[in-house]
Amino acid sequence: VVAHLSWNFYNLAATVDEVRWPVDQHRQAAVHHETLIPIGYGDGGGGPNDAMCERARRIENLAGMPRARWGTIEGFFDRLAERRDDLPVWQGEMYMQGHRGVQTTQAELKRRFRVVERALQVREAAACVLGQTTDAATDHAWRRIVFAQFHDYIPGSSVPEVYEEHLPELATLAERVERDTQEVLAAAEGGSSAEPCWFNPLPVPQT
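Residues numbered from 1 in each chain as written. Predicted model: local features only at pLDDT ≥ 70, side-chain atom pairs only at ≥ 80, totals over all residues. Heavy atoms only, no water.

Student: Even after reading the chapter, I still don't get the nonpolar core, so can you show me in this structure?
Tutor: Nonpolar side chains tend to gather and get buried jointly when the protein is soluble and globular. Residues Leu109, Phe113, Val116, Leu120, Ile145, Tyr153 and Leu170 are the most contacted members of the largest nonpolar core, which totals 16 residues. For this core, the secondary structure elements donating two or more residues are α4 (107–130), α5 (136–148) and α6 (160–188). Sequence-distant contacts of Ile145, defined by excluding residues within four places in its chain, comprise Phe113, Val116, Glu117, Leu120 and Leu170. Core analysis: the second largest hydrophobic core is formed by six residues, Leu12, Ala13, Ala14 and Ala56 among them. (Core = buried A, V, L, I, M, F, W, Y, C linked by side-chain atoms within 4.5 Å. Buried < 20%, exposed > 50% of the residue type's maximum accessible area, 1.4 Å probe, protein only. Helix = DSSP H or I, 4+ residues; strand = E, 2+ residues; numbered from the N terminus. Contact = heavy atoms within 4.5 Å.)

Student: Sorry if this is basic, but what is going on with the packing of aromatic side chains here?
Tutor: The description of an aromatic ring pair rests on the distance of the ring centres and on the angle between the ring planes. Overall, the coordinates contain three aromatic pairs when judged by the stated rule. Taking 5.3 Å as the distance between ring centres and 85 degrees as the angle between the ring planes, the aromatic pair formed by Phe76 and Phe77 counts as edge-to-face. Exposure remark for Phe77: the relative accessible area of 25% places this residue in the partly exposed category. Aromatic side chains Tyr153 and Tyr163 sit 6.3 Å apart centroid to centroid with 70 degrees between the ring planes, which places their arrangement in the edge-to-face category. In this pair, Tyr153 is assigned in the loop between α5 and α6 and Tyr163 in helix α6, connecting sequence segments ten residues apart. Taken individually, Tyr153 and Tyr163 each receive the classification buried, so the pair is uniform in this respect. Among the aromatic side chains, those forming a connected cluster through ring pairs are Phe147, Tyr153 and Tyr163. Sitting over the ring of Phe147, Arg144 keeps its end group 4.6 Å from the ring centre. (Phe/Tyr/Trp six-rings, centres within 6.5 Å; stacked < 30°, edge-to-face > 60°. Lys NZ or Arg CZ within 6 Å of the ring centre and 35° of its normal.)

Student: Looking at this structure, I do not really get the packing of α5 against α6. What am I missing?
Tutor: Pairs of packed helices are described in terms of their axes, by the angle between the two and the distance that separates them. The interhelical angle for the contact between α5 and α6, taken along N-to-C directions, is 145 degrees, at an axis separation of 11 Å. Considering the relative orientation of α5 and α6, their crossing is left-handed. Of the residues in α6, those in contact with Thr138, His140, Ala141, Arg144, Ile145 and Phe147 of α5 are His166, Glu169, Leu170, Leu173, Val177 and Asp180. Partitioned by chemical class, the residues of the contact of α5 with α6 number six nonpolar, three polar and three charged. (Axes fitted to C-alpha atoms, helices over the stretch in contact; angles between N-to-C directions. Left-handed = near helix turned anticlockwise from the far one by under 90°. Nonpolar A, V, L, I, M, F, W, Y, C, P; charged D, E, K, R; others polar.)

Student: What is the right way to read the environment of Arg84 from this model?
Tutor: Inspection of the secondary structure puts Arg84 in the loop between α3 (73–81) and α4. Judged by relative accessible area, which is 45%, Arg84 ranks as partly exposed. C-alpha separation for the pair Arg84 and Thr207, spaced 123 residues apart in sequence, amounts to 55 Å. Look past the residues within four positions of Arg84 in its chain and what remains in contact with it is Val1 and Val2.

Student: What's the story with the layout of surface pockets in this structure? I'm lost.
Tutor: Left-over empty space is what a probe sized like a water molecule reveals as it rolls over the atoms. What the second largest pocket holds in volume is close to 850 Å³. Going through the elements one at a time, α1 (16–25), α2 (50–59) and α3 are the ones with two or more residues in the lining of the second largest pocket. Top element by residues in the lining of the second largest pocket is α3. It accounts for three residues. Grouping the amino acids of the lining of the second largest pocket by side-chain chemistry returns 15 nonpolar, six polar and five charged. (1 Å grid on protein atoms, 1.4 Å probe; cavity = no way out; pocket = protein on both sides within 12 Å on 5 of 7 lines; lining within 4 Å. Points joined across faces, edges and corners; volume = space filled by probe spheres on them.)

Student: Quick question: what am I supposed to make of the pattern of salt bridges here?
Tutor: A side chain of one charge can pair with a side chain of the opposite charge when the charged atoms of the two come close. Scanning all chains against the criterion turns up ten salt bridges. A salt bridge links Arg83 to Asp86, with the shortest nitrogen-to-oxygen separation between them at 3.4 Å. Given a relative accessible area of 33%, Arg83 falls into the partly exposed group. Classification of Asp86 as partly exposed rests on a relative accessible area of 48%. (Salt bridge = Lys/Arg side-chain N within 4 Å of Asp/Glu carboxyl O.)

These figures come from the coordinates and say nothing about function on their own.
This is how it looks when you write it as structure tokens:
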């Protein structure tokens, strides 16, 4: 996957510092001399305003400044892909969100997220023990958990409607997955899902 690290934030205003800094930080400039500088109100789709466009126009060919011009992301990556064989290759984890496990305004959301995550881990452990595969409902729950890892969702920086919708969803997902696990284990034992079923999903003994 050809990737490019945009050193600045999105929602930029095309100021002098915002243009100079990412160019100074561009570590593969000797391989590919371009860098992306997204400007405008990206959150909400507002785009650039008149002042931003005027600054971008003045910076295009200004002494002491990097050359700048409008373009598309697709065009940028097409040009970058031509140099892909000369670019460094990264293997391994790339998830660098610093807010995982930190303080939040939405503690209940994180708690319910973890409840669903644990329920899914137990469900998959039960499937492994019984030599079964998980079903579409389990896959759906995993997809919703992955969706919940969007960076504004987990730390509590989304709009209130997000939590009004997803707190009940997480509770429903946990209930469904736990009930499904209970039914699968009970069926394997020849019993009823209404009867208690003790199951240790860990690879170590528990008392």
